[in-house]
Amino acid sequence: FKQVNGVEKVNVNHASGKAELYCRFDPDINELNNAIKDHGYSVSSVDSSEDSPKSSKNSKHYEIKKDHLEIGAIFLIVVAAYFILKQFNILPNISVSDKVTYGVAFLIGLVAAFSTCIAVTGGLLVAATNKYTQLHPNLSGYQKFKPHIYFNIGRIVSYTILGGLLAIIGSRLALSAKTTGLLTVVVSIIMIILGFQILNIFPWLRHLNLKMPKSLAHKIFDASNEKTNKTAPFLFGASTFFLPCGFTQALQLYVLSTGDFIIGSFTMFFFSLGTLPGLVSLGAVSSFTK
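Residues numbered from 1 in each chain as written. Predicted model: local features only at pLDDT ≥ 70, side-chain atom pairs only at ≥ 80, totals over all residues. Heavy atoms only, no water.

(A) Representation of a nonpolar patch on the surface in the model. A cluster of nonpolar side chains, contributed by Y102, Y142, I149, I153, V157, I161, L165, I168, F261, I262, F266 and F288, occupies part of the molecular surface with about 1000 Å² of accessible area. Among the elements of the structure, α5 (141-173) and α10 (261-288) are those that each provide at least two residues to the nonpolar patch. Residue contributions to the nonpolar patch peak at seven residues, all from α5. Following the sequence through the fold, F288 ends up in helix α10. (Patch = residues over 30% accessible without salt bridge, like charges linked within 9 Å, V, L, I, M, F, W, Y side chains within 5 Å. Areas by Shrake-Rupley, 256 points an atom, 1.4 Å probe, with all protein chains shown as cover. Salt bridge = Lys/Arg side-chain N within 4 Å of Asp/Glu carboxyl O. Helix = DSSP H or I, 4+ residues; strand = E, 2+ residues; numbered from the N terminus.)

Set out below in structure tokens:
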């Protein structure tokens, strides 16, 4: 919105889906729509005294009900498939034990890259790549691939440094087995809430969103619009340390319990190396194909 001519200040509330624009003059409604159409929003001129049409409310209610039925059906299928595969011992048992070698950390990274990481991080990465391609449609495949290189460098650097810092925090806290178990439960609940938010099953959960400071978000957004900027994808890759990936959080709890900077750093370093093939492959496909 701030890039639209005449708009000076914007306040946006994601939970309510509303935005307040402070303008020097009335902005062109078509320009406003063009600014947000790719994000699934639209602007329309509506008299404040008028209510929303009843038919649109009924239609929206029907769509939500239909979505809930589809999600419920998919959930039952997934659970049934899990128990069937478990009966035949087909599912691999990749877990974090009391002692994780660097080789095991790398293996967990490989598994994570083609499961939870590709779902959580991969989706955001493809979205960012698509935005970059739209801004620079005439770039070659290699030039489109360069942000992926910076992204993965940022990811590895972040995981290595933050893994060590997390271990230091653990050494100061001296976590008991009971506390670690409680942390696991809390993290699991947060992941479930995030899942509900993504699926929009309970719209009121949007009010529980964890938000990045606006000043930092604006800086990253401004950086992403620069043609030859390396900082934005690097920071984006670094920030994935905080995304809700089950394998990542399990290893984070492990390094927290070690209390050793070197072990924490190398464990998360080898884990991030393990995720590299999957994420680099995704980057290559999205950069070199139409």
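The structure having been displayed, the exposition proceeds.
(B) Here's a closer look at the packing of aromatic side chains. If you walk through the whole model with that rule in mind, you get nine aromatic pairs. Measuring from centroid to centroid gives 6.1 Å for Y159 and F271, while their planes differ by 20°, and the two rings are stacked. Here Y159 is found in helix α5, whereas its partner F271 is found in helix α10, with 112 residues between them in sequence. Like Y159, the residue F271 is buried in the burial classification. Site record: aromatic cluster; members linked through ring pairs are Y102, F266, F269 and F270. (Phe/Tyr/Trp six-rings, centres within 6.5 Å; stacked < 30°, edge-to-face > 60°. Buried < 20%, exposed > 50% of the residue type's maximum accessible area, 1.4 Å probe, protein only.)

(C) Molecular detail of the pattern of salt bridges. Under the defined criterion, the tally for this structure stands at one salt bridge. Between E8 and R24 there is a salt bridge, and its shortest N-O distance comes to 3.6 Å. One end of the pair, E8, is in strand β1 (residues 7-13); the other, R24, is in the loop between β2 (18-23) and α1 (29-36), with 16 residues separating them in the sequence.

(D) Seen up close, helix α4 (residues 116-135). For α4, built from 20 residues, the straight-helix expectation of 28 Å at 1.5 Å per residue is met to within 8% by its first-to-last C-alpha distance of 29 Å. Approximately 40° is the largest bend angle found in α4, and it occurs at G122. For α4, the complete set of buried residues consists of C117, T121, G122, L125, T129 and Y132. In the core, the buried residues of α4 are packed alongside α3 (102-113), α5, α8 (231-239), α9 (246-258) and α10. (Expected span 1.5 Å × (residues − 1). Bend = angle between axes of the 7 residues up to and from the residue. Contact = heavy atoms within 4.5 Å.)

(E) Spatial organisation of the nonpolar core. Within the largest apolar cluster, 16 residues are counted, with the highest numbers of intra-cluster contacts made by L251, M268 and F271. Contributing elements (two or more residues each) for this core: α3, α5, α9 and α10. Looking at which element gives the most residues to this core, the answer is α9, with five residues. (Core = buried A, V, L, I, M, F, W, Y, C linked by side-chain atoms within 4.5 Å.)

(F) View of the packing of α4 against α10. Where α4 meets α10, the axes come as close as 10 Å, and the angle between the chain directions of the two elements is 30°. One way to sum up the angle between α4 and α10 is to call them roughly parallel. Classified by chirality, the crossing of α10 by α4 is right-handed. On α10, the residues that touch C117, I118, T121, G122, L125, V126 and T129 of α4 are T275, G278, L279, L282 and S286. Across the contact of α4 with α10, the residue classes break down as six nonpolar, six polar and no charged. (Axes fitted to C-alpha atoms, helices over the stretch in contact; angles between N-to-C directions. Parallel < 35°, antiparallel > 145°, perpendicular 65-115°, else oblique. Left-handed = near helix turned anticlockwise from the far one by under 90°. Nonpolar A, V, L, I, M, F, W, Y, C, P; charged D, E, K, R; others polar.)

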